[in-house]
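# A structural walkthrough
Each chain is listed here by its residues.
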Amino acid sequence: MRPIELCEVVKRRGRGRAAVQALRGVSLAVAAGELCLLEGPSGSGKTTLIAVAAGLLGADAGEVWLAGRPLHASSPAERRRLRRASVGFVFQRAQLLEQLSVLENILVQADAAGLSRRTAAREAARLLHALGLAELAGRRPAELSGGEEQRAAVARALVHAPQVVFADEPTASLDSANGRAVAALLRELARERGVAVLVATHDARFRELASRSVRLVDGAATEGAR
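Starting afresh in each chain, residues are numbered from 1 along the sequence in its written order. The predicted nature of this model means local features are confined to residues of pLDDT at least 70 and side-chain atom pairs, given and counted, to a pLDDT of 80 or more, with totals for whole chains, interfaces and linings taken over all residues. In computing side-chain values, all of the structure's heavy atoms are included and hydrogens and water are not.

## Quick word on the overall build of the chain
Check the secondary structure of the chain and you find 6 helices and 10 strands. For the radius of gyration, the atom set is restricted to C-alpha positions; the globular benchmark scales as 2.2 Å times the number of residues to the power 0.38. Rg of the C-alpha trace for the chain: 17 Å, near the compact-globule value of 17 Å for 226 residues, within the 12% margin. Along the first, second and third principal axes, the C-alpha atoms of the chain reach 50 × 35 × 35 Å. Residues counted as buried form 48% of the 226 residues belonging to the chain. A separation threshold of at least 6 residues defines the contact pool for the chain, and within that pool the share at least 24 residues apart is 71%. Surface accessibility in these figures is a Shrake-Rupley result with a 1.4 Å probe; residues are shielded only by whichever protein chains are displayed. Summed over its atoms, the accessible surface of the chain is roughly 10800 Å², and 46% of this surface lies on carbon and sulfur atoms. When charges are counted, Lys and Arg are positive and Asp and Glu negative, with His and the chain ends excluded. For this purpose, a charge sits on NZ of Lys, CZ of Arg, CG of Asp or CD of Glu. Across the chain, the 32 positively charged side chains and the 24 negatively charged ones have centroids separated by 4 Å. A helix here means a DSSP run of H or I that spans at least four residues, while a strand means a run of E at least two residues long, and both kinds are numbered starting from the N terminus. A 1.4 Å probe rolled over the protein chains alone gives each residue an accessible area, and that area as a share of the maximum for its type sets the label: buried under 20%, exposed over 50%, partly exposed in between. Only heavy atoms matter for contacts: two residues are in contact if any of them lie within 4.5 Å across the pair.

## A few points about the sheet that holds strand β5 (residues 69-70)
Across the sheet, which stays open at both edges, the 4 strands sit in the order β2-β1-β4-β5 with antiparallel pairing between neighbours. Every other strand in the sheet has two partners, leaving β2 (20-30) and β5 as the edge strands with one partner each. Fitting a line to C-alpha atoms yields each axis, with helices limited to the stretch in contact; the angle taken between N-to-C directions then spans 0 to 180 degrees. Contacting β1 (4-13), β2 and β4 (61-66), helix α1 (residues 46-53) crosses the sheet at an angle of about 120 degrees to β1. Pairing between strands is defined by DSSP: at least two bridges between them are needed.

## Some remarks on the environment of S101
Within the element layout of this structure, S101 appears in the loop between β6 (87-90) and α3 (102-112). A residue is classified by how much of its surface remains accessible, and S101, at 8% relative accessible area, is buried. A C-alpha to C-alpha distance of 9.6 Å links S101 and E143, two positions 42 residues apart in sequence. Residues contacting S101, with those up to four places away along its chain left out, are A137, G138, R139 and R140.

## Thoughts on the pattern of salt bridges
By salt bridge we mean one thing: a side-chain nitrogen of Lys or Arg within 4 Å of a carboxyl oxygen of Asp or Glu. This model, assessed by the stated rule, comprises 6 salt bridges. E123 serves as the salt-bridge partner of R126, at 2.9 Å between the closest nitrogen and oxygen. Within this pair, R126 and its partner E123 are both found in helix α4 (residues 117-130), separated by 3 residues, close to a single helical turn. The salt bridge involving D203 is made with R205; its shortest N-O contact spans 2.7 Å. Owing to a relative accessible area of 12%, D203 belongs among the buried residues under this scheme. Several salt bridges share partner residues, and in doing so they unite E123, R126, E188 and R193 into one network.

## What to know about the pairing of β6
Side-chain alternation along β6 places V87 and F89 on one buried face and G88 and V90 on a second face that is also buried. Sheet analysis places β6 next to strand β7 (residues 164-168), joined by 4 bridges and oriented parallel. Residue pairing for β7: V90 is matched across the bridge by A167.

## Looking at the state of the cysteines
Cysteine sulfurs are considered disulfide-paired once they come within 2.5 Å of each other. Across all of its chains, the model carries 0 disulfides by this definition. Take C7: it sits in no disulfide, and the sulfur closest to it among the cysteines is that of C36, at 16 Å.

## Overview of the confidence of the model for the chain
Of all residues in the chain, 98% have pLDDT values of 70 or greater, and the mean over the chain is 89. Within the chain, the element-level pLDDT minimum falls on strand β10 (residues 220-225), averaging 75, and the maximum on β4, averaging 96. For every residue, the predictor reports its confidence as pLDDT, a number between 0 and 100.

## Here's the deal with the environment of S173
Within the secondary structure, S173 is located in the loop between β7 and α6 (176-193). Placed 82 residues apart in sequence, S173 and F91 show a C-alpha to C-alpha distance of 11 Å. Setting aside residues up to four positions removed in sequence, S173 forms contacts with G146, G147 and Q150.

## Quick word on the packing of α3 against α4
Packing of α3 against α4 leaves a shortest axis separation of 10 Å and a crossing angle of 130 degrees. The pairing of α3 with α4 is recorded here as oblique in orientation. For the pair α3 and α4, the sense of crossing is right-handed. From α3, V102, L103, I106, L107 and A110 reach across to α4, where they touch A120, A121, A124 and L128. Small angles under 35 degrees read as roughly parallel and large ones over 145 as roughly antiparallel, with 65 to 115 read as roughly perpendicular and the rest as oblique. A crossing counts as left-handed when the near helix is turned anticlockwise from the far one by less than a right angle, and as right-handed when that turn is clockwise.

## As for the nonpolar core
One finds L35, L158, L186, V197 and V199 to be the most contacted residues of the largest nonpolar core, which totals 39 residues. Of all the secondary-structure elements, those providing two or more residues to this core are β3 (35-39), α3, α4, α5 (146-158), β7, α6 and β8 (196-200). Residues I4, L6, I50 and A200 belong to the second largest nonpolar core, which totals 28 residues. Only buried residues count toward a nonpolar core. Its members are Ala, Val, Leu, Ile, Met, Phe, Trp, Tyr and Cys residues joined through side-chain atoms within 4.5 Å.

The following block contains the structure:
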């Protein structure tokens, strides 16, 4: 079983005559150690696909497997526990807790995933250094630039060594140098730690780092090797 696997997934939006198919029988699998791009125009279903693959939204038909567990046959509580322990998220907006420092935001995720304090502190320090945030660890989100906030969100998503990482436009608010650093870190995470990484993006910087891409158009997927 691959860490991310969707089989003939359908997701509808709206009801009755106003209902539309956001996902039209999408099948997709991402192996451990693979960085897969999810591309397509705005409104094509990329964010919906990530939400369904992560169990944030339920599929209307088809099967969804995450870290070897069948989300389509799991309770909401089981899905939440699985996400806390095995999944990292990087969204377009950082969504950091304003009352906490950068380091504290990262450690909250580590604690939720059940990491020991020693392991959490060591991994947080490594990520802060890799993302150029070591000197900003004590600052709160209001004291950061948008790019610094997003890099802190990346560190938070990776601190518990997840099996799966979902990233939705993770470099949209970053300049060229920081965008490359984030893209390279996600590739390293996939290749060196065997994580399955699915990135929805318009950022061309990811294309040279990804093993393949899936393109969504009107909720339907086509796939090609890179």
